[in-house]
Amino acid sequence: MTAPDSDLTIDPEALRRRAEKALRTARDRTHTLTTCVDEPDLTAQHSPLMSPLVWDLAHIGNQEEQWLLRAVGGRDALRPEIDSIYDAFEHPRAERPALPLLAPAEARGYVHEVRGRVLDILERIELRGAPLVDAGFAFGMIAQHEQQHDETMLITHQLRRGPAALTAPPPPGAADGEALPEEVLIPGGPFTMGTSAEPWALDNERPAHHRLVPAFHIDTTPVTNGAYERFIADGGYTERRWWTADGWAYIQEHGLAAPLFWRREGGQWLRRRFGVTEPVPPEEPVVHVSWYEADAYARWAGRRLPTEQEWEKAARHDPESGRSRRYPWGDEDPTPEHANLGQRHLRPAAAGSYPRGASPLGVRQLIGDVWEWTSSDFLPYPGFRAFPYREYSEVFFGPSHKVLRGGSFAVDEVACRGTFRNWDLPVRRQIFSGFRTARDAS
């Protein structure tokens, strides 16, 4: 097995501190998500689409034990008897409540013990010389894994019924949002897609390769609730012509007429958001829509969803230098001025927010706020190599899953970058998904 290409020139102590910070940041968030509700809420299954919160908690610890204690550290297994219980491929989510799960107190003790031993390994191990440890890859992989499950647990919190358990301040408003152009022209030509140098990039982001993308226009911001309301009012859910055959069959079967968590009452649209019912804010990006709904809206608007290549070119390509950046704003890590990430806010920011996070051509909010559906199937890049296990990406390749890009307010920066690829089934609505549209330049 060959390690991913990595930048091994990073100072080893700085890399060690970076890995420790990423692990601690993820654990602090996990603690928040699993201590804000009582034990019955931790052990309940709030939706057949999701695991009990306590399953996610122990699964986080079990993955950390398997990869960092055993594979990297060479330590004996702490709890080998639970490996099967917390194997996500062996047990679908709907079956997990019936498994002999660790109780909340036992799960907390387990993840705490694993973490203590992992930090000891991190202090002692040389972060180079083997595929899993080059540039601290395995530590970054596990930090990303925990943050991805933290986002999954936040989805579970959104699905649970009952009073609000989480709070956060509102995101900043868009001072110049109304003055922005509706779309931006992205010139045609080649660009570098993917990466071969980002130390913690996952296998499906690799390798870097050239793509030739014709010129296209893309929305300056994600599609808003207000725009989506106009789609609904114009018969968007009742006109067969806007939908693919599968999409039309799906909304008919399930009686869908609006995004998930929306309801019509007293002449206005309301939404339920983390235990609070409130009017739908027209200026925010629409969230909790499936690929089918995003695609139907784009058709209704006389446009289309961008391809994955178009999305990444809009987000990373600098036409002046010809290079691809790590993020729309440059190569530096995200700050609260760049993007709405890390659960700092429990909602998307108004369309047009974060001007400091804009791309070179002025496209905004490509990182954070809402995951953005693309038209593309989830497929490997030329030269793809599964690493360190097939089940992370390879088993999902094919036409069944659509690619989402950009992250959401629920994503931590360690699991979000210009090359990061997410994927899901086109029916999924519980995820923090929105979209923007595009059109050919001609």
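Right above here is the structure, for reference.
Reading the values: the criteria
Residues numbered from 1 in each chain as written. Predicted model: local features only at pLDDT ≥ 70, side-chain atom pairs only at ≥ 80, totals over all residues. Heavy atoms only, no water. Phe/Tyr/Trp six-rings, centres within 6.5 Å; stacked < 30°, edge-to-face > 60°. Helix = DSSP H or I, 4+ residues; strand = E, 2+ residues; numbered from the N terminus. Buried < 20%, exposed > 50% of the residue type's maximum accessible area, 1.4 Å probe, protein only. Lys NZ or Arg CZ within 6 Å of the ring centre and 35° of its normal. Core = buried A, V, L, I, M, F, W, Y, C linked by side-chain atoms within 4.5 Å. Domains from an automatic or database assignment. Contact = heavy atoms within 4.5 Å. Axes fitted to C-alpha atoms, helices over the stretch in contact; angles between N-to-C directions. Parallel < 35°, antiparallel > 145°, perpendicular 65-115°, else oblique. Nonpolar A, V, L, I, M, F, W, Y, C, P; charged D, E, K, R; others polar. Pairing = 2+ DSSP bridges.

Asker: Outline the packing of aromatic side chains, supporting the account with residue identities and numerical values.
Answerer: Here a ring pair, both rings aromatic, is described through the centre-centre distance and the interplanar angle of the planes. By the definition in use, this model includes 29 aromatic pairs. Judged by centre distance (5.3 Å) and plane angle (50 degrees), the rings of Y297 and W300 are tilted. With Y297 and W300 both in helix α8 (residues 291-300), this residue pair falls three residues apart, about one helical turn. Judged by relative accessible area, Y297 falls into the buried class, the value being 8%. Through a chain of ring-to-ring contacts, the aromatic side chains of W67, F89, F378, F384, Y389, Y392, F396, F397 and W423 assemble into a single cluster. Of note, K402 hangs over the ring of W291, and the distance from its end group to the ring centre comes to 4.6 Å.

Asker: Hey, could you go over unusual backbone geometry for me, with residue numbers and the actual values?
Answerer: For the peptide bond that leads from R206 to P207, omega is -10 degrees, which places it in the cis range. One can find P207 in the loop between β2 (189-193) and β3 (209-213). Here A135, not a glycine, exhibits a phi torsion of approximately 60 degrees, which is positive. Note that A135 resides in the loop between α4 (104-124) and α5 (137-159). When its relative accessible area of 1% is taken as the criterion, A135 is described as buried. Even without being a glycine, F261 presents a positive backbone phi close to 80 degrees. Relative to the helices and strands, F261 resides in the loop between α7 (245-254) and β5 (262-265).

Asker: Can you break down the nonpolar core residue by residue, with the values?
Answerer: In terms of nonpolar packing, the biggest core is built from 116 residues, with V72, F139, L154, Y228, W243 and F435 touching the most fellow members. There are two domains that each give this core at least three residues, and those are domain 1 (12-159) and domain 2 (177-224 + 299-440). When neighbours within four sequence positions are excluded, F435 is seen to be in contact with P222, V223, Y228, V286, V289, A294, Y297, L305, W371, E372 and W373.

Asker: Requested: an account of the packing of helix α1 (residues 12-35) against α4, with residues and values cited.
Answerer: One way to put it is that α1 packs onto α4 with a least axis distance of 11 Å and a crossing angle of 170 degrees. One way to sum up the angle between α1 and α4 is to call them roughly antiparallel. On α4, the residues touching R16, R17, A19, E20, L23, R24, R27, T34 and T35 of α1 are R108, V111, R115, V118, L119, L122, E123 and R124. Its residues assigned to classes, the contact of α1 with α4 shows six nonpolar, two polar and nine charged.

Asker: Can you tell me about the sheet that holds strand β10 (residues 422-424), naming the residues and giving the values?
Answerer: Strand order across the open sheet formed by four strands is β10-β9-β8-β11, with mixed pairing between neighbours. On the outer flanks of this sheet lie β10 and β11 (433-434), each paired with one strand and no other. Pairing between strand β8 (residues 371-378) and strand β9 (residues 398-405): four bridges, direction antiparallel. By the bridge assignment, E372 is partnered in β9 with R405.

Asker: Go over the environment of A349 with me, naming the residues and quoting the values.
Answerer: Relative to the elements of secondary structure, A349 occurs in the loop between α9 (308-316) and β8. Residue classification places A349 among the buried positions, given a relative accessible area of 0%. Considered as a pair, A349 and V370 are 21 residues apart in the sequence and their alpha carbons are 9.3 Å apart. Residues in contact with A349, not counting those within four places in the same chain, are P171, P172, E284, P285, N340, Y354, Q365 and D369.

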